[in-house]
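# Summary of structural features
Spelled out, the chains give:
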Amino acid sequence: MISIPLQITPKGFLRDETVEDSIGHSIELLMQTPLYGCKADPHYGFVFKNLRFEIFNENEGTVNDGLAPNTEQIQAIKNSGGKDLYKIKVSGTSKNINTFATELQKAIIKYEPRLGNISVSLSYVREEKMIYVSVKGSIIESNTPYKYETTIKIWN
């Protein structure tokens, strides 16, 4: 499997050794890409990345509105009838409707077809200023459990 994002080595494209590695790199790229940031597919990406210049409200567990320049991408989300990003909770699971975990789960379901039964959890730890991300599911081809974990450093 060719590694995502594409990396060229002297021997050709870098390849992942396992399906798990390939899926992990795919999720990582999806999370690092802002929604509407990819011209080839504007819906590719994770909407949380669009808010990287906004102020994080630790008391409410949300992102504050209007404190940073209104980017083209944020405007596109508002104009497309998307959710009010400033009311979505940072901490939560994909079982809750109004969380960024649900938004990430939707993106993974759409762009990572090798995974099934996907659940996502985002947990903000105030003292560390970190969001812990956990993606669980099963690899459809082999029906084996899959788990991906990473962190997002809060920018305040």
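Look a little higher up for the structure.
Below: a short report on this structure.

Cut-offs used in this document
- Residues numbered from 1 in each chain as written.
- Predicted model: local features only at pLDDT ≥ 70, side-chain atom pairs only at ≥ 80, totals over all residues.
- Heavy atoms only, no water.
- Helix = DSSP H or I, 4+ residues; strand = E, 2+ residues; numbered from the N terminus.
- Expected span 1.5 Å × (residues − 1).
- Buried < 20%, exposed > 50% of the residue type's maximum accessible area, 1.4 Å probe, protein only.
- Contact = heavy atoms within 4.5 Å.
- Core = buried A, V, L, I, M, F, W, Y, C linked by side-chain atoms within 4.5 Å.
- Pairing = 2+ DSSP bridges.
- Axes fitted to C-alpha atoms, helices over the stretch in contact; angles between N-to-C directions.

### Remarks on helix H3 (residues 100-111)
The terminal C-alpha atoms of H3, which comprises 12 residues, lie 16 Å apart, in line with the 16 Å expected from a rise of 1.5 Å per residue. Most of H3 is tucked away, with 9 of its 12 residues classed as buried. Buried residues of H3: Phe100, Ala101, Thr102, Glu103, Leu104, Gln105, Ala107, Ile108 and Tyr111, and no others. The inward-facing, buried residues of H3 contact helix H1 (19-32), strand E5 (92-93), strand E6 (115-125) and strand E7 (130-139).

### Observations regarding the nonpolar core
Among the nonpolar cores identified, the biggest contains 35 residues, and Ile27, Phe48, Phe100, Ile108, Leu122 and Ile131 are the most heavily contacted of them. Secondary structure elements with two or more residues in this core: H1, H3, E6, E7 and strand E8 (144-153). Top element by residues in this core is H3. It accounts for 6 residues.

### Description of the pairing of E6
Looking at chain direction, E5 and E6 are connected through 2 bridges and run antiparallel. Note that in E6 the partner of Gly92 across the bridge is Leu122. Here E6 pairs with E7 via 9 bridges, running antiparallel. Its bridge partner being in E7, Val120 is matched across the sheet by Val135.

### Comments concerning the sheet that holds E6
With respect to topology, 4 strands assemble into an open sheet ordered E5-E6-E7-E8, the strand pairing being antiparallel. Strand pairing shows two members of the sheet lacking a second neighbour, E5 and E8, which therefore form its edges. Seen against the sheet, H1 touches E6, E7 and E8 and runs at an angle of roughly 35 degrees to E8. Against the sheet, H3 contacts E5, E6 and E7, and its axis sits at roughly 150 degrees relative to E6.

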